[in-house]
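Topology and contacts: notes
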Amino acid sequence: MNQRVAQSVNDQTVAQRFSAAAKHYHEHDRVQKLSSMQLFDAMSPSGVLLDIGAGPGTDFSQFSSVNQVITLDIAQGMLEQVKLDFPDYQTVCANAESIPLADNSIDSAYSNLALQWCGDLSSSFNETARVLTAGGEYHLAIVAQDSLPELAELGFRVNAFRSMEEILSHFDRDKWQIISFETTAISVYFADLKSLLYSIKGVGASIHGNSDDDDNNESTKEQPSPGIRGRGDWQKLLALAELSRTVQGLPLTYQIALISAKKLRD
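- You'll find the protein entered in an unreviewed UniProt entry as Malonyl-[acyl-carrier protein] O-methyltransferase, with Shewanella benthica given as the organism.

Here you go:
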């Protein structure tokens, strides 16, 4: 399978997974809401705002200078939810690496916890620069390296997220000025392991155990677990998870790369 075909198959898989999560996304998007608040604190968007990897949509009504919102997502199911909740938003079903908008057609760009799934960040950032007007700002949050250590400690295979250094390396400095960047830890807490695991699937992401039989494991239902061969193993996993419990619950920690950039003037 060549690289282009493989990418297309992967895009279809990602789109299907996130479309399936669209209706219940807001029941599980606690991390997304927290990172969005941090992005909002750094933003003063105006004119036409492009939301890249928009999911089921974000409320930008507090920004009175924004007169149009364009939501771009690879998952049609997410955009259908946008149309229900934000009927005034324009929706575009496309990959962030190939944005079907005209050059210099948007004034501000935003992306919240979507581009960690992007295979080619350089292409994505170049495309955003192309459609952004000169001097326009881009505010984005990306899940970064060393996220989800609690899952790794339980034996789950955790995605190898990019470091801040790697993310920044994909910005073409002939096109972008980096205004600010920082990595911040965001922890969310759960009453039990099942709800912790489902919080990831509930927003369309996925986790994997180390067992080939995970999908057939009745003790965990939809939550694949490492090396589970029966209820006894599941109980051991629960006991191991309890070792990390705090007064707030079982923690799940994300490292979030927060970046603000400005398109250089032509």
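Moving on from the coordinates now.
Some thoughts on the nonpolar core
- Judged by nonpolar contacts, the single largest core of 37 residues is most densely connected at Phe 60, Leu 151, Leu 193, Leu 196, Leu 252, Tyr 254 and Ile 256.
- Within the residue set of this core, elements represented by two or more residues are helix 2 (30-42), strand 2 (66-73), helix 3 (76-85), strand 5 (132-143), strand 6 (176-190), helix 7 (193-201), helix 8 (231-242) and strand 7 (250-263).
- No other element matches strand 7, which puts five residues into this core.

Topic: the packing of aromatic side chains
- This model, assessed by the stated rule, comprises ten aromatic pairs.
- Consider the rings of Phe 40 and Phe 63, whose centres lie 4.9 Å apart with planes at 70°: the pair is edge-to-face. Here Phe 40, found in helix 2, pairs with Phe 63, found in the loop between strand 1 (47-52) and strand 2; they are 23 residues apart in sequence, far enough to count as distant. Both residues of the pair, Phe 40 and Phe 63, count as buried.
- By the ring-pair criterion, three or more aromatic residues cluster together here, those being Phe 40, Phe 60, Phe 63 and Tyr 110.

Focus: the environment of Asp 146
- Note that Asp 146 resides in the loop between strand 5 and helix 5 (149-153).
- Note on Asp 146: relative accessible area 57%, which makes it exposed.

Some remarks on the pairing of strand 4 (residues 106-112)
- Burial runs high along strand 4: six of the seven residues are buried.
- By the bridge criterion, three bridges tie strand 1 to strand 4 in an arrangement that is parallel. Note that in strand 4 the partner of Asp 51 across the bridge is Tyr 110.
- With respect to chirality, the unit in which strand 4 leads through helix 4 (residues 121-131) into the neighbouring parallel strand 5 is right-handed.

Examining the pattern of salt bridges
- Per the stated rule, a full pass over the model turns up four salt bridges.
- In this structure, Asp 103 engages Arg 130 in a salt bridge whose closest nitrogen and oxygen atoms are separated by 2.7 Å. Taken together, the residues span a long stretch of sequence, with Asp 103 in the loop between strand 3 (90-93) and strand 4 and Arg 130 in helix 4 at a distance of 27 residues.
- The residue Glu 127 makes a salt bridge to Arg 130 at a minimum N-O spacing of 2.8 Å. Pair noted here: Glu 127 and Arg 130 are both in helix 4, with a separation of three residues, about one helical turn.
- A residue is classified by how much of its surface remains accessible, and Glu 127, at 15% relative accessible area, is buried.
- Residue classification places Arg 130 among the partly exposed positions, given a relative accessible area of 25%.
- Through salt bridges with shared partners, one network takes in Asp 103, Glu 127 and Arg 130.

Concerning the sheet that holds strand 4
- With mixed pairing, the seven strands of this open sheet are ordered in space as 3-2-1-4-5-7-6. Of all strands in the sheet, those with a lone pairing partner are strand 3 and strand 6, marking the two edges. Pairwise comparison of adjacent strand axes, ignoring direction, gives a mean angle of 15° for this sheet.
- With four bridges joining them, strand 2 and strand 3 adopt parallel strand pairing. Looking across to strand 3, one finds that Leu 72 is bridged to Val 92.
- Across the face of the sheet, helix 2 comes into contact with strand 4, strand 5, strand 6 and strand 7 while running at roughly 145° to strand 6.
- Across the sheet, helix 4 lies against strand 1, strand 4, strand 5, strand 6 and strand 7, angled at about 145° from strand 5, the strand it touches most.

What about the environment of Pro 56?
- Note that Pro 56 resides in the loop between strand 1 and strand 2.
- For the pair formed by Pro 56 and Asp 73, sequence separation is 17 residues and the distance between their alpha carbons is 9.0 Å.

Cut-offs used in this document
Residues numbered from 1 in each chain as written. Predicted model: local features only at pLDDT ≥ 70, side-chain atom pairs only at ≥ 80, totals over all residues. Heavy atoms only, no water. Core = buried A, V, L, I, M, F, W, Y, C linked by side-chain atoms within 4.5 Å. Buried < 20%, exposed > 50% of the residue type's maximum accessible area, 1.4 Å probe, protein only. Helix = DSSP H or I, 4+ residues; strand = E, 2+ residues; numbered from the N terminus. Phe/Tyr/Trp six-rings, centres within 6.5 Å; stacked < 30°, edge-to-face > 60°. Pairing = 2+ DSSP bridges. Right-handed = clockwise from strand over helix to strand, strands pointing away. Salt bridge = Lys/Arg side-chain N within 4 Å of Asp/Glu carboxyl O. Axes fitted to C-alpha atoms, helices over the stretch in contact; angles between N-to-C directions. Contact = heavy atoms within 4.5 Å.

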